[in-house]
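What follows is the residue order along each chain.
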Amino acid sequence: GAGVSQSPSNKVTEKGKDVELRCDPISGHTALYWYRQSLGQGLEFLIYFQGNSAPDKSGLPSDRFSAERTGGSVSTLTIQRTQQEDSAVYLCASSLRQGNNEQFFGPGTRLTVL
Amino acid sequence: SQQGEEDPQALSIQEGENATMNCSYKTSINNLQWYRQNSGRGLVHLILIRSNEREKHSGRLRVTLDTSKKSSSLLITASRAADTASYFCATEGNKLTFGTGTQLKVEL
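On a predicted model such as this, the values are computed, not experimentally measured, just so you know. (Residues numbered from 1 in each chain as written. Chains lettered and ligands numbered in written order. Predicted model: local features only at pLDDT ≥ 70, side-chain atom pairs only at ≥ 80, totals over all residues. Heavy atoms only, no water.)

Let us look at the interface of chain A and chain B. Every contact between the two is made by 24 residues of chain A and, on the other side, 22 residues of chain B. Overall, the association of chain A and chain B removes approximately 1,700 Å² of surface from exposure, summing both partners, and the carbon and sulfur fraction of that is 44%. Taken together, the connections running from chain A to chain B amount to zero salt bridges. At the boundary of chain A with chain B, the tally comes to two residue pairs in polar contact (both at pLDDT 80 or more). When the residues that make up the side of chain A that touches chain B are grouped by side-chain class, the tally is eight nonpolar, 13 polar and three charged. (Contact = heavy atoms within 4.5 Å. Buried area = accessible area lost by both parts, 1.4 Å probe. Salt bridge = Lys/Arg side-chain N within 4 Å of Asp/Glu carboxyl O. Polar contact = N/O pair within 3.5 Å; in protein donor to acceptor, adjacent residues only side chain to side chain. Nonpolar A, V, L, I, M, F, W, Y, C, P; charged D, E, K, R; others polar.)

Set out below in structure tokens:
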């Protein structure tokens, strides 16, 4: 079956604009995770969903970041009023359930804020 | 702050040699996972070792876990050029926390 998909693969935007990043998890995976990776760095946890609820939003860098998940499937990460420091690769992963499970990663969205 | 710290940060070896990467972490864990990342994009899961396991093998990969020292090692035997990638350890408590990674380069 299909793996985790993300869109767009690349996004260039101007400072101050809003962007939406989309993640389609593997069908049947109840847990979904968003990470951010800056150039040459490790992965920074942003948020995870179990079903449609987000028990842990502790990684969101600021109130300009928000995420939602609908129907226990697709998730959207929204960044409002983008700043240059938001430039990074945003990775989405899903797993069968939260905890003790292999995470399957999407190819990521490379966001560049000019 | 990062839970896992990989060592070394970068490693360059010749094809056929073994590569060893180490990971240290700070708090108690349920399991520890190793992932590989090519070209700065999606990660691929390599192996998971549970906190009550000490060693695990998968093909040319061997992972050890020492919970008393809060450390793990990943050994890749008989390396190939295709093994060139970044390798991350990730520890799972209530969420998966990744280290900063080891960049492995395998030269022909």
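Before going further, it helps to spend a moment on the state of the cysteines. What makes a disulfide is a covalent bond joining the sulfur atoms belonging to two cysteines. Counted by the stated rule, this structure contains two disulfides over all chains. C23 of chain A shares a disulfide with C92 of chain A; S-S distance 1.9 Å. Residues C23 of chain A and C92 of chain A are joined by a disulfide whose S-S torsion is about -65°; by sign, that bridge is left-handed. You can see C23 of chain A sitting in strand β3 (residues 19-24) and its partner C92 of chain A sitting in strand β9 (residues 88-95), a full 69 residues away along the chain. Across the pair, exposure class does not vary: C23 of chain A and C92 of chain A are buried alike. Here C23 of chain B pairs with C89 of chain B through a disulfide, and the sulfurs are 2.0 Å apart. An S-S torsion of about 65° defines the bridge between C23 of chain B and C89 of chain B as right-handed. Linking C23 of chain B in strand β3 (residues 19-24) with C89 of chain B in strand β9 (residues 85-92), this pair joins segments that are 66 residues apart in sequence. Like C23 of chain B, the residue C89 of chain B is buried in the burial classification. (Disulfide = S-S within 2.5 Å. Helix = DSSP H or I, 4+ residues; strand = E, 2+ residues; numbered from the N terminus. Buried < 20%, exposed > 50% of the residue type's maximum accessible area, 1.4 Å probe, protein only.)

Looking now at the sheet that holds strand β6 (residues 55-58) of chain B. All names here are of chain B. The antiparallel open sheet is built from five strands, whose spatial order is β1-β3-β8-β7-β6. The open sheet has two edge strands with one neighbour each: β1 (5-7) and β6. Here the average twist between neighbouring strands, direction ignored, is 20°. Inspection of the sheet shows strand β7 (residues 61-66) paired to strand β8 (residues 71-76) by six bridges, in the antiparallel sense. Residue pairing across strands places T64 opposite S73, the latter belonging to β8. (Pairing = 2+ DSSP bridges. Axes fitted to C-alpha atoms, helices over the stretch in contact; angles between N-to-C directions.)

By themselves, these are just geometric observations and shouldn't be taken as functional.
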